[in-house]
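Close look at the chain arrangement
The lines below spell out each chain.
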Amino acid sequence: MSFPGSISIVVPLYNEEENVRELYSRISRVMKKMDLPFEIIFINDGSTDRTWKHIQEISTQDISVRGMSFRRNYGQTAAMSAGIEASRGEVIITLDGDLQNDPSDIPLLLEKIREGYDVVSGWRKNRQDALVSRKIPSRIANWLIGKMTGVELHDYGCSLKAYRSEVIKEVDLYGELHRFIPALASMVGARVTEIPVNHYARTRGTSKYGISRTPKVFLDLLLVRFLLRYRTRPIHFLGGAGLGMGLTGFLIAFYLTLKKIFMGEELSRRPLLLFAVILILFGTQLVTTGFLAELVIRTYYESQDKKPYWVKEMIEGGLEN
Ligand code: UDP
Ligand code: MG
């Protein structure tokens, strides 16, 4: 846990031509004051405006600026992931490119990293976004995510975050999972905390999201919950549900059979019979899906030589000496 160390600032940009220069000067002002080695990595996520042109120009004037341009728009998570992958600093800071986050909060985040945390998440305590379409859904989402992942933060959605590089590089990001990084990081054993940060309304450019992200976030939450608990043992989840259903179906069928044998009841008139059959069929399918999932995760781990655990430190010695 060496510190002070080098810092990488990662910023995903999608059609932010009006913001990129101002953002650059604010970040570089803050970083120069801190006197730590740093790099700024701008990822152009397939912008159709002049964002990349600006990044190119800035980088010719300042060697601490690096850039990467996607062939098309892949989304904020992909852009962040690419930036994290490319970064060389011991600490990685991510923030939005629309000036809604404040670079002068960076030193506060670093202070927490210095205290020993692996992930420091910004909390937009005084959030400047629409109430009904943004703040209310977000409050509910944050509460739910906290309960379901066990990592309780006020504000999962804030992009301004700091990570110890060795930890965040272990986290695989797909889809739109960047919102869940603190929960995913806890999966690899990260110590997570949060601090209040500034937040401003967007003054230039437009937001890339609307209310339609709500159901997606909910699905992602189910996925993250599954990954957190059953990543290495899907049969316990799928098989557990399958057994429960199958057994219930079996008991109902057994009860109906007894009724038929001892009371001569006509089964074709019992909707319950249909219910029992459905439960048995679904239950069986879930168990077999569980076995398939087990085969899939074995392929995932063994083909890439990944381990189902993460090592923090090691003491060498023994037979090698
Ligand atoms: N962004 C991106 N690719 C996308 C959508 C967004 O790189 O497909 C960037 C965007 O340029 C901004 C950040 O992600 O820097 C956050 O996006 P936005 O401000 O639109 O989200 P909001 O603050 O409205 O939630
Ligand atoms: Mg924004």
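In this report, we go over the structure that sits alongside the text. Keep in mind the model is a prediction, meaning the values are calculated, not measured. (Residues numbered from 1 in each chain as written. Chains lettered and ligands numbered in written order. Predicted model: local features only at pLDDT ≥ 70, side-chain atom pairs only at ≥ 80, totals over all residues. Heavy atoms only, no water.)

On to the pairing of strand β5 (residues 119-124), then. Counting buried residues in β5 gives six out of six residues, a clear majority hidden from the surface. In β5, alternate side chains face the same way, and those of Val119, Ser121 and Trp123 on one face and Val120, Gly122 and Arg124 on the other are all buried. Alignment of β5 against strand β6 (residues 161-164), held across three bridges, turns out to be antiparallel. The residue bridging valine 119 from the neighbouring strand is tyrosine 163, located in β6. With six bridges joining them, β5 and strand β7 (residues 192-197) adopt parallel strand pairing. (Buried < 20%, exposed > 50% of the residue type's maximum accessible area, 1.4 Å probe, protein only. Helix = DSSP H or I, 4+ residues; strand = E, 2+ residues; numbered from the N terminus. Pairing = 2+ DSSP bridges.)

Moving on, we get to the packing of helix α1 (residues 20-34) against helix α4 (residues 106-114). The interhelical angle for the contact between α1 and α4, taken along N-to-C directions, is 45°, at an axis separation of 10 Å. When the interaxial angle is binned, α1 and α4 end up oblique. Every residue of α4 that contacts α1 at Val30, Met31 and Met34 is listed here: Ile106, Pro107 and Leu110. Classifying every residue of the contact of α1 with α4 gives six nonpolar, no polar and no charged. (Axes fitted to C-alpha atoms, helices over the stretch in contact; angles between N-to-C directions. Parallel < 35°, antiparallel > 145°, perpendicular 65-115°, else oblique. Contact = heavy atoms within 4.5 Å. Nonpolar A, V, L, I, M, F, W, Y, C, P; charged D, E, K, R; others polar.)

Next up on the list: helix α9 (residues 234-263). The terminal C-alpha atoms of α9 lie 43 Å apart, and with 30 residues this matches the ideal 44 Å at 1.5 Å per residue to within 8%. Within α9, burial applies to Pro234, Leu238, Gly239, Gly242, Gly246, Gly249, Ile252, Leu256 and Lys259. Each element contacted by the buried residues of α9 is listed here: α8 (213-230) and α10 (271-303). Once α9 ends, the next one or two residues include glycine 264, with phi positive near 65°. (Expected span 1.5 Å × (residues − 1).)

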